[in-house]
Amino acid sequence: MLSGNKRLNALLGLGIGAFLIVPWYRVERGFFSFEWPSNFPFSSDLAPGLLQIFAEGRVWLVLALALFLIGGSARFMADANKRGRLLVVTGTIGILYMALQGLAISFTGWAWTFPETAFGALPLGQPAMGAGAILTSLIFVLFIAFGLAERGFMKGDAFVVGSISILIFLVTVFIFYPIGSMFAGSVQDFDGSFKPDGFIRNMQDPAIWSLDCVIGGNRCGVAWRTLFLAVMTGLGSTILGLAFALVATRTRFPFKKGLRLLTVLPIITPPFVIGLALTLLFGRSGVVTEALDTLFGIEPSRWLYGLTGIWIAQVLSFTPISFLVLIGVVEGVSPSMEEASQTLRADRWRTFWRVSLPLMKPGLANAFLIGFIESMADFGNPLVLGGSHGVLSTEIFFAVVGSQVDPSRAAVLAIILLSFTLTAFLAQRLWLSGKNFATVTGKGDSGAHAGLPKSLSVTVYGIVLPWMGFTIVVYGMILFGGFVKTWGLDNSLTLEHYARAFSVTFQDGALVWTGVAWNSFWTTMEIALISAPLTAAVGLLTAYIIVRQKFAGKNAFEFALMMSFAIPGTVIGISYIMAFNLPPIEMTGSALILVACFVFRNMPVGVRGGIAAMSQLDKSLDEASLTLRANSARTLRKVILPLLRPAITAALVYSFVRAITSISAVIFLVSAEYNMATSYIVGLVENGEYGIAIAYSSMLIFVMITVIAGFQLLVGERRLRRENRVSGMAKSNKIRIAQEKTA
């Protein structure tokens with residue numbers, strides 16, 4: 001009762017602030033610019049909710065105020081069951097009403113025709129929601145959460161119920177709402193009336209579903225072409241990622257730090273830069289192509305431009321993600337289980353195949369799923385190397401910005417892509433269902449990891465070493481391109497590109513950033529450093545809830561989280577523009593829309609990595625903490641998170657890197673004030689300034705390596721108690737001898 005009162009007291013305080021202390025509607029120049037207090041509260045645009053009702057005549061807000069006061073009155077009710085019921089009812093009605101009035105009333109009045117017919121025209125409209133309206137909506141969500149906790153949902157754990165409620169709210173606002181807005185537009189005419197003709201026509205298009213490649217033709221439909229590419233990329237990146245993880249953890253490879261660096265490099269590079277490097281190596285006029293022509297008379301061809309080239313670029317780009325997911329899983333396999341297998345006379349190969357590899361299944365399944373989804377959603381590599389072999393993501397892009405804009409076609413292609421992704425997700429769930437992979441318990445684990453079988457060791461070295469060499473060559477080409485005048489034409493050395501991009505001068509005793517790239521560089525760093533920890537926090541909290549909690553609709557909730565990762569960045573960008581360009585939520589042109597896009601686009605990586613790592617943590621750890629009267633929040637903070645450091649690092653690294661290297665969504669969401677690095681680099685490439693583009697990319701690579709190393713030091717390493725059994729026996733012998741001497 002006392003803790004419930006504290007929670008409700010906090011909500012009442014927030015509600016008073018929402019209606020009296022902050023602007024109800026959106027501040028034009030941004031809430032965090034803090035320019036609004038000078039005209040607060042008497043400006044009509046900046047007035048708080050209470051003044052909007054009584055001074056500005058926006059009477060529809062009276063119901064929101066009334067629902068808040070009714071819900072707040074539960075604070076003074078003694079019966080927990082009745083208090084919980086009142087909170088759930090008022091919270092549900094409140095959040096639905098906030099959404100309905102926000103959608104129904106626009107700048108000029110009613111946004112829909114039927115309420116105007118029923119209630120008459122409004123004398124004035126309303127801007128987009130601001131701090132007050134958003135805070136009130138959040139209060140209604142927490143009313144629902146705390147009411148359910150009062151009624152015993154999730155054993156009355158307010159932290160868990162509140163986390164689930166807020167995550168569902170955020171997923172609804174930033175995933176379902178924008179995607180739904182785009183799909184709704186696909187079956188509407190220009191005047192807003194329902195017209196599904198275009199949707200039906202595109203769904204039946206043979207260019208999407210053609211099976212000519214199977215029955216002897218020369219081209220598959222774009223759907224099957226994309227599916228085949230995604231499966232091959234998922235398999236290739238998972239096998240390579242596992243090979244890298246085994247070399248890094250189970251061998252005496254002398255250059256493990258360099259190996260880890262090379263596995264990170266591809267994900268910290270803009271995709272089109274890798275495409276350009278591959279073109280200069282293997283294109284018709286590439287270095288390797290010309291060398292083969294000169295030495296062996298092999299005629300140059302266009303083999304690189306198509307699915308083969310896209311596959312090479314995607315495997316190069318996505319293998320590091322698989323490595324980051326798998327290395328924590330490989331390290332987490334219990335050495336005692338491997339030693340037990342060898343004690344029972346199993347050789348190293350049988351131990352690896354029967355014991356170690358099955359315990360890695362969660363990581364392998366998640367690595368394949370991430371590689372599959374990344375391939376489906378990839379835009380940069382197919383755009384550079386696809387040639388005439390388009391995939392779903394590029395076809396969606398051209399359906400939106402091509403000569404004939406067709407939102408219905410873009411929506412159909414997005415639905416097909418999402419169907420493939422969710423099918424892969426379901427297959428993964430069925431493969432892992434009913435199996436337990438916990439290997440990390442509260443007890444100390446003994447022994448050392450078993451060595452790899454000789455044949456497997458040779459195989460992984462045979463995979464990793466050539467791929468390392470190939471990666472070094474690709475990045476050598478990228479670095480070389482920043483120091484030549486015209487990449488591929490005039491290879492004379494110069495520092496001109498770096499000077500133009502990142503020059504610094506002193507004027508009047510002050511440091512002036514005169515380079516053309518500094519503005520977008522600082523903006524990119526700011527957005528990335530804000531979004532990375534938010535992505536990791538939301539993703540790992542979601543993983544904790546999915547793995548450790550049971551509640552109705554959990555499977556649907558997990559499916560919903562993968563939606564943002566499955567939809568191409570192009571579609572995410574377009575849907576965000578369509579959803580957040582007008583009330584009730586207006587964010588276009590601001591930094592907030594970029595942060596929201598990155599957090600909810602990249603959150604599934606934190607979720608999948610957290611699920612893979614948390615599947616290995618025995619639930620007895622949680623139970624022991626809860627038995628000692630620690631609540632769920634403290635258990636998560638003190639017990640679970642320290643054991644999830646590899647997953648935390650993966651989430652931080654990936655979200656930070658993707659915020660810098662993302663292309664497809666960023667193109668639609670940047671503005672003159674907030675221009676991201678990739679958007680700026682694309683502009684340089686379009687203008688033929690390849691040298692500056694490569695110099696800028698090289699600088700981003702250096703900065704990202706530095707920041708990633710900082711993340712590694714900040715998070716630290718997971719420390720699993722692994723005792724050396726031989727040392728333990730030696731210690732026991734010493735104690736026994738000492739006891740005998742004493743006797």
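Residues numbered from 1 in each chain as written. Predicted model: local features only at pLDDT ≥ 70, side-chain atom pairs only at ≥ 80, totals over all residues. Heavy atoms only, no water.

1. Here's the deal with the overall build of the protein
And step 1. Assigned secondary structure in the protein consists of 34 helices and 6 strands.
And step 2. Within the protein, buried positions represent 53% of all 743 residues.
And step 3. Intrachain contacts of the protein at a sequence separation of at least 6 include 74% that bridge at least 24 residues.
And step 4. Split by element, the accessible area of the protein, about 33700 Å² in all, is 64% carbon and sulfur. (Helix = DSSP H or I, 4+ residues; strand = E, 2+ residues; numbered from the N terminus. Buried < 20%, exposed > 50% of the residue type's maximum accessible area, 1.4 Å probe, protein only. Contact = heavy atoms within 4.5 Å. Areas by Shrake-Rupley, 256 points an atom, 1.4 Å probe, with all protein chains shown as cover.)

2. What to know about the packing of helix H20 (residues 392–401) against helix H26 (residues 569–580)
And step 1. H26 packs onto H20 with a crossing angle of 35° between their chain directions and a minimal axis gap of 8 Å. Contacts from Ser393, Ile396, Phe397 and Val400 in H20 reach Thr570, Val571 and Ile574 in H26.
And step 2. In the contact of H20 with H26, the residues fall into 5 nonpolar, 2 polar and no charged. (Axes fitted to C-alpha atoms, helices over the stretch in contact; angles between N-to-C directions. Nonpolar A, V, L, I, M, F, W, Y, C, P; charged D, E, K, R; others polar.)

3. Quick notes on the packing of helix H17 (residues 348–359) against helix H18 (residues 361–377)
And step 1. Put simply, H17 and H18 touch, their axes get as near as 5 Å, and they point 55° apart. The angle between H17 and H18 falls in the class oblique. Contacts between H17 and H18 pair Leu357, Pro358 and Leu359 from the former with Lys361, Pro362 and Leu364 from the latter.
And step 2. For the contact of H17 with H18, the residue count by class is 5 nonpolar, no polar and 1 charged. (Parallel < 35°, antiparallel > 145°, perpendicular 65-115°, else oblique.)

4. Considering the side chain of Thr542
And step 1. Residue position: Thr542 is located in helix H24 (residues 518–548).
And step 2. When its relative accessible area of 0% is taken as the criterion, Thr542 is described as buried.
And step 3. Contacts of Thr542, omitting those with residues within four sequence positions, involve Leu167, Phe557, Leu561, Met603 and Val607.

5. A closer look at the packing of aromatic side chains
And step 1. Inspection of every chain in the model, using the stated rule, returns 28 aromatic pairs.
And step 2. Ring geometry for Trp467 and Phe470: centres 5.5 Å apart, planes at 55°, overall tilted. Here the residue Trp467 and the residue Phe470 both occupy positions in helix H22 (residues 454–481), the gap between them amounting to 3 residues, near one helical turn. Considered together, Trp467 and Phe470 belong to a single accessibility category, that of buried residues.
And step 3. Between Tyr576 and Phe580, the ring centres sit 5.1 Å apart and the planes meet at 90°, which makes this aromatic pair edge-to-face. Residue Tyr576 and its partner Phe580 are both found in helix H26; the two are separated by 4 residues, about one turn of the helix. There is no split in this pair, since Tyr576 and Phe580 are both buried.
And step 4. An aromatic cluster is built from Phe502, Trp513, Trp518, Phe521, Trp522, Tyr680 and Tyr696, whose rings are joined through pairwise contacts. (Phe/Tyr/Trp six-rings, centres within 6.5 Å; stacked < 30°, edge-to-face > 60°.)

6. Brief notes about helix H6 (residues 131–150)
And step 1. Over its 20 residues, H6 runs 28 Å from end to end, which matches the ideal 28 Å to within 8%, given 1.5 Å per residue.
And step 2. Among the 20 residues that make up H6, 15 are buried, leaving the element largely enclosed by the rest of the structure.
And step 3. Looking one or two residues beyond H6, the residue adopting positive phi is Gly152, at roughly 90°. (Expected span 1.5 Å × (residues − 1).)

7. Looking at the confidence of the model for the protein
And step 1. On average, residues of the protein score 80 in pLDDT, and 88% of them reach the 70 mark or higher.
And step 2. Across residues 440–444, where pLDDT falls below 50, the model places 10 contacts with residues more than four positions away in sequence or in other chains.
And step 3. Considering only residues more than four positions removed or in separate chains, one finds that residues 722–743, a stretch of pLDDT under 50, has 15 contacts. (pLDDT = per-residue confidence, 0-100.)

8. So, the nonpolar core
And step 1. In this structure, Leu278, Met360, Val474, Tyr576, Phe656 and Leu700 are the most contacted members of the largest nonpolar core, which totals 202 residues.
And step 2. Considering every element that reaches this core, the biggest residue donor is helix H27 (residues 591–614), with 15 residues.
And step 3. Not counting chain neighbours up to four residues away, the residues in contact with Phe656 comprise Met525, Ala528, Leu529, Ala532, Met704, Val707 and Phe711.
And step 4. Of all hydrophobic cores here, the second largest spans 6 residues; its members include Phe318, Ile321, Ile370 and Tyr654. (Core = buried A, V, L, I, M, F, W, Y, C linked by side-chain atoms within 4.5 Å.)

9. Observations concerning the environment of Trp431
And step 1. With respect to the helices and strands, Trp431 occurs in helix H21 (residues 407–432).
And step 2. Each C-alpha atom, one on Trp431 and one on Lys361, is 9.1 Å from the other, the two residues being 70 residues apart in sequence.
And step 3. Among residues more than four places away in sequence, those in contact with Trp431 are Lys361 and Ala365.

10. Quick notes on the pattern of salt bridges
And step 1. Under the criterion given, the structure shown has 5 salt bridges.
And step 2. Each of Arg26, Glu28 and Glu586 takes part in one network of salt bridges that share partners. (Salt bridge = Lys/Arg side-chain N within 4 Å of Asp/Glu carboxyl O.)

11. Section: the environment of Ala131
And step 1. As for its position among the elements, Ala131 is in helix H6.
And step 2. Each C-alpha atom, one on Ala131 and one on Tyr25, is 6.7 Å from the other, the two residues being 106 residues apart in sequence.
And step 3. When sequence neighbours within four positions are dropped, the list of residues in contact with Ala131 reads Val22, Pro23, Trp24 and Phe31.

12. Remarks on a nonpolar patch on the surface
And step 1. On the surface, Phe228, Met232, Leu235, Ile239 and Trp311 cluster together to form a nonpolar patch covering roughly 470 Å² of accessible area.
And step 2. Here the nonpolar patch takes 4 residues from helix H11 (residues 222–250), the largest share from any one element.
And step 3. Within the secondary structure layout, Met232 lies in helix H11.
And step 4. On the basis of relative accessibility, which here comes to 32%, the residue Met232 falls in the partly exposed class. (Patch = residues over 30% accessible without salt bridge, like charges linked within 9 Å, V, L, I, M, F, W, Y side chains within 5 Å.)

13. Considerations on the pairing of strand E4 (residues 504–507)
Residues in a regular strand point their side chains to alternate faces of the sheet.
And step 1. Of the strand pairs in this sheet, E4 and strand E5 (residues 510–513) are connected by 4 bridges, and their pairing is antiparallel. Across the sheet, residue Gln507 finds its bridge partner in E5, namely Ala510.
And step 2. Counting the residues that bridge the hairpin from E4 to E5 gives 2 residues, and of these Asp508 lies at a positive phi of roughly 55°. (Pairing = 2+ DSSP bridges.)

14. Quick look at helix H3 (residues 62–72)
And step 1. All of the buried residues in H3 are Ala64, Leu65, Leu67, Phe68, Gly71 and Gly72. The buried residues of H3 occupy an angular sector of 165° when projected down its axis, which confines them to one face. (Arc of directions from axis to C-beta.)

15. Topic: unusual backbone geometry
Negative phi values dominate among residues other than glycine, just as trans dominates among peptide bonds.
And step 1. Of the consecutive residues Phe40 and Pro41, the connecting peptide bond is found in the cis state with omega at 5°.
And step 2. Its place among the elements puts Pro41 in the loop between helix H1 (2–20) and helix H2 (49–54).
And step 3. The linkage connecting Pro583 with the following residue, Pro584, adopts the cis geometry, with an omega of 15°.
And step 4. In this structure, Pro584 sits in the loop between H26 and H27.

16. Some points on the side chain of Ser375
And step 1. Position of Ser375 among the secondary structure elements: in helix H18.
And step 2. Not counting residues within four places of it along the chain, the set of residues in contact with Ser375 comprises Leu229, Ala230, Thr233, Gln314 and Phe318.

17. With respect to the environment of Asn675
And step 1. Looking at the element boundaries, Asn675 is found in the loop between helix H31 (664–669) and helix H32 (677–686).
And step 2. The residues contacting Asn675, other than those within four sequence positions of it, are Ser520, Thr523, Thr524, Val670 and Tyr680.
And step 3. Of the polar contacts made by the side chain of Asn675, one reaches the side chain of Ser679; its length is 3.3 Å. (Polar contact = N/O pair within 3.5 Å; in protein donor to acceptor, adjacent residues only side chain to side chain.)

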